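Each chain, letter by letter, is given below.
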Amino acid sequence: MRGLMKLATIAAAGILSLGIYTTDAAAKYDYTNYTASGLSKESSQCLDCHRKATPFVVNDWKRSKHFYNGVGCYECHKTDESNPAAYDHYGFTISTLVTPKQCGVCHPKVAKEYMDSIHAHSGLISQKAEAKSGGNFAVIVMQMMGWNKNTVIPHQTTDGESTWDDIVNDPCWPYAGVANNLKTPRPKASAVIKIFANWGCYSCHGTKIEIVKKTKDKVVFDLSTWPMIGAGSINPDGTIGNCAACHPFHSFRLKIVRAGIGACGRCHESEDHPNYEMFGRSMHGAMFLSQFDEWNMDAPAIKAGQDYFAPTCGTCHMGAVYQGDKMVYAPTHNPASICKWKLGMWKLVFVRKAGRPHPGLPSVKYPTDGIQNRERAFAMCTQCHTKQWAANCLIGGDLTMGVLDYFRRVAFQVEKDLEKAGLNTPLDRKIVRDIGAMAVRPTEIAMFHYAPGYIWWEGIYRVAFELVEWLETSVEPRLGADYVSKYVSWIKKHVKKVERYKRKHHIE
């Protein structure tokens, strides 16, 4: 269901955006003109080569406000020798990575606001969780297979033929940043699975970017840590966060960020947090997909009912809020500015409190208060809706949290009791994680994104079904009907029926 809906939504959005954007771009931009008002001599020198060497990059930059304001290659990429990622490029000390430190030179308020947010800390939080559990992501697969840290999986095809020579003799190999622990025909499984984890989870959370080789004029980054472009990247220069995770280089257009099909949907999708799919199936999403070509999404601060006519991820979570012509809330780079609840964790949910330590990384404190965030959310919604309409939606979501968390608490308690009895397996951990991460959390999110199927069939129905299926078919044979009946009232009666049937038909 999710896969088909997602493909349909993306396809419709892709057709829409291609039809609008390429026509607009072709008419507006003169790609033969490489002059910009006030462009520095350093950036002008960059362009002498790069307009031929990397024309896509240059032409994309020419569509940006940076181009029209004389901000060029050198202004963004320049650095100094204190940056471990610095190297000499034809007499200029630059870094391929552009971090919030560079962006903050021109955008200090925005950079600080973002680096104070949980988004920017998402890499640190994930890295801490991984260290605590001995491999938060890779360990899931390792434990399921019963592998240890020294398990080796050779590079072979299904008929046993080695593929190592074809890997190292590939024309891409000399350019790739291959760490030493992967330069072997018999790598440890943990090292390879780490690639899956980094290109999966950490592509959004943000890796700790590592350098595998550095010379005077070249820096080579570890392929398992770059270029994932995660929002919480841990950068070699000591900063956290990655502006390009939401503002793709080199045009950095606001339209890309504000569209639900854009930067937000890149990460807030899939089984454990299908925010974008939910948005695509809501009435808000229907209006967006039908009207986006008519909206003005590149203005500095856009106004509901004037520049856009249905919310997107960016306008809702980060946009300016107006009462009449008065701006009562300025745009923000804290995406949780309207979030009362902390829903982005598979183990727990709570109401945000300013200064409260993050459970995954106590040194990180929540920058805003949930009730104050709700005030902003209410003001945001009532730009278009009546107060009763908005209140019904928001409070309706609030009132479901207790039931959803009950199911999750049951799963955690049963897992603990299985462990205490010595009867648990790695599959129990997977099932409990799925109940929390793939069923409860998405349903909590769905209550505030208003997609019917995700609230019911993929929501509370799935939560209850997956929990009870596990209890009936897997837990009861191990811990007994008396135990399971604490959570499923009919189980003892069912077990007695089965026992009578077996006796009647002489089934052992």
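Scroll up to find the structure.
So, here is what we can say about the structure in this document. In this text the structure is predicted, and so the values were computed from the model without any measurement. (Residues numbered from 1 in each chain as written. Predicted model: local features only at pLDDT ≥ 70, side-chain atom pairs only at ≥ 80, totals over all residues. Heavy atoms only, no water.)

1. Some thoughts on the pattern of salt bridges
Line of reasoning, step 1. Within the structure shown, the criterion is met by 18 salt bridges.
Line of reasoning, step 2. Across the salt bridge formed by Glu271 and Arg462, the nearest N and O atoms sit 3.3 Å from each other. Here Arg462 lies in helix H21 (residues 452-479) and Glu271 lies in the loop between helix H14 (263-267) and helix H15 (275-280), a separation of 191 residues in the sequence.
Line of reasoning, step 3. Residue Glu271 is classed as partly exposed on the basis of its relative accessible area, which comes to 33%.
Line of reasoning, step 4. By relative accessible area, which is 16% here, Arg462 ends up buried.
Line of reasoning, step 5. For Arg429, the salt bridge goes to Glu415, with nearest N and O atoms at 2.7 Å. Remark: Glu415 occurs in helix H19 (residues 387-421) and Arg429 occurs in helix H20 (residues 426-446); sequence separation between them is 14 residues.
Line of reasoning, step 6. A relative accessible area of 30% means that Arg429 is categorised as partly exposed.
Line of reasoning, step 7. Relative accessible area serves as the criterion here: at 7%, Glu415 is assigned to the buried category.
Line of reasoning, step 8. Shared partners join several salt bridges into a network, and the residues in it are Glu271, Glu458, Arg462 and Glu466. (Salt bridge = Lys/Arg side-chain N within 4 Å of Asp/Glu carboxyl O. Helix = DSSP H or I, 4+ residues; strand = E, 2+ residues; numbered from the N terminus. Buried < 20%, exposed > 50% of the residue type's maximum accessible area, 1.4 Å probe, protein only.)

2. Digging into a negative patch on the surface
Line of reasoning, step 1. On the surface, a cluster of negative charge is made up of Asp159, Glu161, Asp165, Asp166 and Asp170.
Line of reasoning, step 2. Here Asp166 lies in helix H10 (residues 164-168).
Line of reasoning, step 3. For Asp166, a relative accessible area of 59% gives the class exposed. (Patch = residues over 30% accessible without salt bridge, like charges linked within 9 Å, V, L, I, M, F, W, Y side chains within 5 Å. Areas by Shrake-Rupley, 256 points an atom, 1.4 Å probe, with all protein chains shown as cover. Lys, Arg positive; Asp, Glu negative; His and termini not counted. Charge placed at Lys NZ, Arg CZ, Asp CG, Glu CD.)

3. Here we look at the state of the cysteines
Line of reasoning, step 1. If you walk through the whole model with that rule in mind, you get 1 disulfide.
Line of reasoning, step 2. Bridging Cys204 to Cys267, the disulfide has an S-S length of 2.2 Å. Taking the sign of the S-S torsion, -95° for the link of Cys204 and Cys267, the bridge is left-handed. You can see Cys204 sitting in helix H12 (residues 202-205) and its partner Cys267 sitting in helix H14, a full 63 residues away along the chain. Of the two residues, Cys204 and Cys267, both sit in the buried class.
Line of reasoning, step 3. In this structure Cys73 is a free cysteine whose sulfur lies 4.6 Å from that of Cys46, the closest cysteine sulfur available. (Disulfide = S-S within 2.5 Å.)

4. Quick look at a positive patch on the surface
Line of reasoning, step 1. Taken together, Lys493, Lys496, Lys497, Arg500 and Arg503 make up a surface patch of like positive charges.
Line of reasoning, step 2. Tracing the backbone shows Lys493 in helix H23 (residues 491-504).

5. As for the pairing of strand E4 (residues 218-221)
Line of reasoning, step 1. Pairing of strand E3 (residues 211-215) with E4, which is carried by 4 bridges, proceeds in the antiparallel orientation. If you follow Lys214 over to E4, its bridge partner there is Val219.
Line of reasoning, step 2. What sits between the antiparallel neighbours E3 and E4 is a turn of 2 residues. (Pairing = 2+ DSSP bridges.)

6. Thoughts on helix H11 (residues 189-200)
Line of reasoning, step 1. With 12 residues, H11 should cover 16 Å at 1.5 Å per step; its first-to-last C-alpha distance of 16 Å lies within 8% of that length.
Line of reasoning, step 2. Turning to H11, its buried residues are Ala189, Ala191, Ile193, Ala197 and Asn198.
Line of reasoning, step 3. Those residues of H11 hidden inside the fold are in contact with helix H9 (138-145) and H12. (Expected span 1.5 Å × (residues − 1). Contact = heavy atoms within 4.5 Å.)

7. Digging into the packing of aromatic side chains
Line of reasoning, step 1. Using the criterion set out here, one finds 16 aromatic pairs in the structure.
Line of reasoning, step 2. Their ring planes at 45° and their centres at 5.0 Å tell us that Phe221 and Trp226 sit as a pair that is tilted.
Line of reasoning, step 3. Between Phe350 and Tyr366, the ring centres sit 5.7 Å apart and the planes meet at 80°, which makes this aromatic pair edge-to-face. Of this pair, Phe350 sits in strand E8 (residues 350-351) while Tyr366 sits in the loop between strand E10 (361-365) and helix H18 (370-381), and the two are 16 residues apart along the sequence. Across the pair, exposure class does not vary: Phe350 and Tyr366 are buried alike.
Line of reasoning, step 4. An aromatic cluster is defined as three or more aromatic residues linked by ring pairs; in this entry it consists of Phe279, Phe288, Phe292 and Trp295.
Line of reasoning, step 5. The residue whose ring lies beneath Lys303 is Tyr322, and the NZ or CZ to ring-centre distance is 5.4 Å. (Phe/Tyr/Trp six-rings, centres within 6.5 Å; stacked < 30°, edge-to-face > 60°. Lys NZ or Arg CZ within 6 Å of the ring centre and 35° of its normal.)

Such coordinate-based values are descriptive only and should not be taken to indicate function.
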